[in-house]
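So you can see what is in the structure, the chains are spelled out below.
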Amino acid sequence: MATNIFVNLPVRDLQKSIKFFTHLGYSFNQHYTDESATCMIVAENIYVMLLTETRFREFTPKPVSDARTSTEVLTCLQLESRQAVIDMVAKAVEAGGRAYKDPQDHGFMYGHGYEDPDGHLWELVHMSGEPSKH
């Protein structure tokens, strides 16, 4: 059974990415940080390794996707409130990201998201109950 999750993402400019995600309130584990990578702490047991594209290529025999032109993964984080979702998207846009779609309100779930400077999509949701069964 897994005990932690490490999402690995390629980035063009590591310092720009660190600045962007610091603005959103994330911190970084300096033990896993050097000029080619950093470990962003999302929550207890949830980490995102931001790797320069050169470093990222060391871990895969496949071509690295350009997240600005294609989507390989949607990273979805559940936040503590609807307002936290709204605030995080606003911070992302303020820091140079962009909202890539309109907010979605499904009653039991509110969602919105942003695209980071490298084009990676981050979905944010707040769930206030269970979906209705038809």
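Look a little higher up for the structure.
Summarised in this report is the structure supplied together with it.

**Digging into the packing of aromatic side chains**
Here's step 1: Tallied over the entire structure, the rule returns six aromatic pairs.
Here's step 2: The interplanar angle of 85° and the centroid separation of 4.9 Å between the aromatic rings of Phe20 and Phe21 together place this pair among those described as edge-to-face. For the pair Phe20 and Phe21, a shared accessibility class is recorded, and that class is buried.
Here's step 3: Both rings, one in Tyr114 and one in Trp122, keep their centres 6.2 Å apart while their planes meet at 10°; by these two values the pair is stacked. Take Tyr114 and Trp122: they sit in the same class, and that class is buried.
Here's step 4: Among the aromatic side chains, those forming a connected cluster through ring pairs are Phe20, Phe21, Tyr26, Tyr114 and Trp122.

**Observations regarding the sheet that holds strand E4 (residues 46-52)**
Here's step 1: Here four strands make up an open sheet; going across it, the order is E1-E4-E3-E2 and the pairing mixed. At either end of the open sheet lies a strand with only one pairing partner, and these are strand E1 (5-11) and strand E2 (27-34). Taken pair by pair, the neighbouring strands of this sheet meet at an average axis angle of 25°, ignoring direction.
Here's step 2: As paired strands, strand E3 (residues 37-43) and E4 are joined by six bridges and run antiparallel to one another. By the bridge assignment, Met40 is partnered in E4 with Val48.

**Describing the nonpolar core**
Nonpolar side chains in soluble globular proteins tend to be buried together.
Here's step 1: If you look at the biggest cluster of nonpolar residues, it comprises 24 residues, and the most contacted ones within it are Phe21 and Tyr114.
Here's step 2: Among the secondary structure elements, those contributing two or more residues to this core are E1, helix H1 (14-23), E3, E4, helix H3 (82-94), strand E7 (109-115) and strand E8 (121-127).
Here's step 3: Among the elements that line this core, the one with the most residues is H3, at five residues.
Here's step 4: With near-sequence residues (within four places) excluded, Tyr114 lies in contact with Phe20, Phe21, Leu24, Met88, Ala92, Arg98, Ala99, Tyr100, His120, Leu121, Trp122 and Leu124.
Here's step 5: Among the nonpolar cores identified, the runner-up in size contains six residues, and Ala37, Tyr47, Met49 and Leu51 belong to it.

**Side note on the pattern of salt bridges**
Here's step 1: The final tally for this structure, using the stated rule, is eight salt bridges.
Here's step 2: With a shortest N-O distance of 3.6 Å, Asp34 and Arg55 are connected by a salt bridge. With Asp34 in strand E2 and Arg55 in helix H2 (residues 53-57), this residue pair connects regions lying 21 residues apart in the sequence.
Here's step 3: Looking at Arg55, the relative accessible area reads 24%, which means it is partly exposed.
Here's step 4: Glu53 is the partner of Arg57 in a salt bridge, and the nearest nitrogen-oxygen pair spans 3.9 Å. With Arg57 and Glu53 both in helix H2 and four residues apart, this pair spans about one turn of that helix.
Here's step 5: Salt bridges here are not isolated pairs; linked through shared partners, they connect Arg12, Asp66 and Asp118.

Rules and cut-offs
Residues numbered from 1 in each chain as written. Predicted model: local features only at pLDDT ≥ 70, side-chain atom pairs only at ≥ 80, totals over all residues. Heavy atoms only, no water. Phe/Tyr/Trp six-rings, centres within 6.5 Å; stacked < 30°, edge-to-face > 60°. Buried < 20%, exposed > 50% of the residue type's maximum accessible area, 1.4 Å probe, protein only. Pairing = 2+ DSSP bridges. Helix = DSSP H or I, 4+ residues; strand = E, 2+ residues; numbered from the N terminus. Axes fitted to C-alpha atoms, helices over the stretch in contact; angles between N-to-C directions. Core = buried A, V, L, I, M, F, W, Y, C linked by side-chain atoms within 4.5 Å. Contact = heavy atoms within 4.5 Å. Salt bridge = Lys/Arg side-chain N within 4 Å of Asp/Glu carboxyl O.

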